[in-house]
Amino acid sequence: MRKKIVAGNWKMNTTVADGVQLAKDLVAKLSEVPSDVNLVVAPPFTHLCPVAEALKGSRIALSAQNCADQPKGAYTGEVAANMLVSAGCAYTILGHSERRQYYGETSATLVSKLGLALENGLKPIYCVGEMLSERNEGRHFDVVKAQLEEVLFGLSADQMANVVIAYEPVWAIGTGVTATSDQAQEIHAFIRKVLASKFGALAEEITILYGGSCKPSNAAELFACKDIDGGLIGGASLKADDFIAIAKSY
Ligand code: PEP
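As a starting point, this report considers the structure included with it. Note that the structure is predicted; figures quoted are calculated from it, not measured.

Glancing now at the site of the ligand. Lining the immediate surroundings of the ligand are 14 residues, of which K11, H96, E168, G174 and S213 lie closest. G174 places a polar main-chain atom, nitrogen or oxygen, 2.6 Å from an oxygen atom of the ligand. A distance of 2.7 Å separates an oxygen atom of the ligand from a polar backbone atom of S213. Contact with the protein chains removes 96% of the 290 Å² of surface that the ligand exposes when unbound.

Here's what the structure looks like:
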């Protein structure tokens, strides 16, 4: 049985006080979510410690949105993987399309980040996905395959077992346009096939999330697909009721 995960990427939203309140609201509603659905929240770095405190004793796990590609030292503005662990994180999102697009993250950087995250016991939520022009040119399979091969194929099977994948078509992120369940299932199955070519049967155990304008009205249809094991939720994770409704729809 693959682990089902619904993860909220708060991006650069909320003050510390708002974030703590959101975490408390989620904890208060947690009993509505089936116990086999694992919830994860990824607040901004500044919120991690107080949100960890607000989540204490609950089954909601804490994630960062990024981590440094260096272990420590003179890297002003960066936050290292071991710091995230010390702040209470179990996960970190890596390779989000906004980091690739706006901050020039390359596969080489992501190899370092993933390695450091895993070395320090963090589970990476590794994001892949094509841009609209790439889909329109029929290159989406090749783009996603390269993102998987370049960053994950150097991992051992033991390391890979701790990685969660998030397929997030860039054209669906924050646009209100969701991939249809057929489009999403097609590429999730493809991702599993690419992983199987390197990691064999382990590919069946890897959790693959869908992300991109997932909301309470479309989550159930997406989560019903055979190879979709949950969601990475942006905008809709900022409202406790919506995030819980998405998790409940599993
Ligand atoms: C995301 O950025 O990870 C995301 C899925 O955003 P949204 O749900 O807002 O499209």
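Locating M12 in the fold gives a position in the loop between β1 (4-9) and α1 (16-29). The exposed category is assigned to M12, whose relative accessible area is 81%. For the pair M12 and T207, spaced 195 residues apart in sequence, the C-alpha to C-alpha distance is 25 Å.

Assignment of secondary structure puts V143 in helix α7 (residues 140-152). Linking V143 and E78, residues 65 residues apart in sequence, is a C-alpha distance of 28 Å.

Within this model, the largest pocket holds a volume of roughly 470 Å³. As for the largest pocket, its lining consists of 17 residues, and the residues nearest its centre are K11, M12, Q65, R99 and Y103. Among the elements that take part in the lining of the largest pocket, helix α4 (residues 97-102) stands out by supplying 3 residues, more than any other. Its residues assigned to classes, the lining of the largest pocket comprises 7 nonpolar, 7 polar and 3 charged.

Turning our attention to α1. Across its 14 residues, α1 extends 20 Å between first and last C-alpha, which sits within 8% of the 20 Å expected from 1.5 Å per residue. Looking only at α1, the buried set comprises G19, V20, L22, A23 and L26. The buried residues of α1 all sit within an arc of 160° when viewed along its axis, so they share a single face. Along α1, exposed side chains directed more than 90 degrees from the buried face belong to A17 and A28. Buried residues along α1 sit in contact with β2 (37-42), α2 (48-55), β3 (60-64) and α11 (240-248).

Quick look at the sheet that holds strand β5 (residues 123-128) now. Strand order around the closed barrel formed by 8 strands is β1-β2-β3-β4-β5-β6-β7-β8, with parallel pairing between neighbours. The mean inter-strand angle of the sheet, taken between neighbouring strand axes irrespective of direction, is 30°. The pairing of strand β6 (residues 164-167) with strand β7 (residues 208-211) spans 3 bridges and is classified as parallel. The partner of Y167 across the bridge, within β7, is Y210.

Rules used in this analysis
- Residue positions are counted from 1 within each chain, in the order its sequence is given.
- Two thresholds apply to this predicted model, a pLDDT of at least 70 for residue-level local features and 80 or more for giving and counting side-chain atom pairs, whereas whole-chain, interface and lining totals are computed over all residues.
- To obtain the side-chain values, all non-hydrogen atoms of the structure were used and water was disregarded.
- Residues are classed as near a molecule or strand on a simple rule: at least one heavy atom within 4 Å of it.
- We define a polar contact as two N or O atoms separated by no more than 3.5 Å, with the added condition that, inside protein, one atom must be a possible hydrogen donor and the other a possible acceptor, whereas residues neighbouring each other in sequence contribute only through side-chain atom pairs.
- Residue burial considers only the protein chains on display, and all accessible areas are found by Shrake-Rupley using a 1.4 Å probe.
- What counts as a helix is a DSSP run of H or I of at least four residues, what counts as a strand is a run of E of at least two, and both are numbered from the N terminus.
- For each residue, the accessible area found with a 1.4 Å probe, counting protein chains only, is set against the maximum for its type, and the residue is called buried under 20%, exposed over 50%, and partly exposed in between.
- Here a cavity means grid points, on a 1 Å grid over the protein atoms only, where a 1.4 Å probe fits yet cannot get out; a pocket means an open set of points with protein on both sides within 12 Å along at least five of seven lines; lining residues are those with an atom within 4 Å of a point.
- Grid points are joined across faces, edges and corners, and a volume is the space filled by probe spheres set on the points.
- In this count, Pro and Cys sit with the nonpolar residues alongside Ala, Val, Leu, Ile, Met, Phe, Trp and Tyr, while Asp, Glu, Lys and Arg are called charged and the others, Gly among them, polar.
- Here the expected length of a helix is defined as 1.5 Å per residue gap, with one fewer gap than residues.
- Working definition: the arc comes from the directions between the helix axis and the C-beta atoms, pointing outward to the latter.
- We call two residues contacting when some pair of their heavy atoms lies within 4.5 Å.
- We treat two strands as partners when DSSP finds at least two bridges between them.
- Fitted lines through C-alpha atoms serve as axes, helices being fitted only where they are in contact, and the angles separating the N-to-C directions of these axes extend from 0 to 180 degrees.

By themselves these figures say nothing about function.
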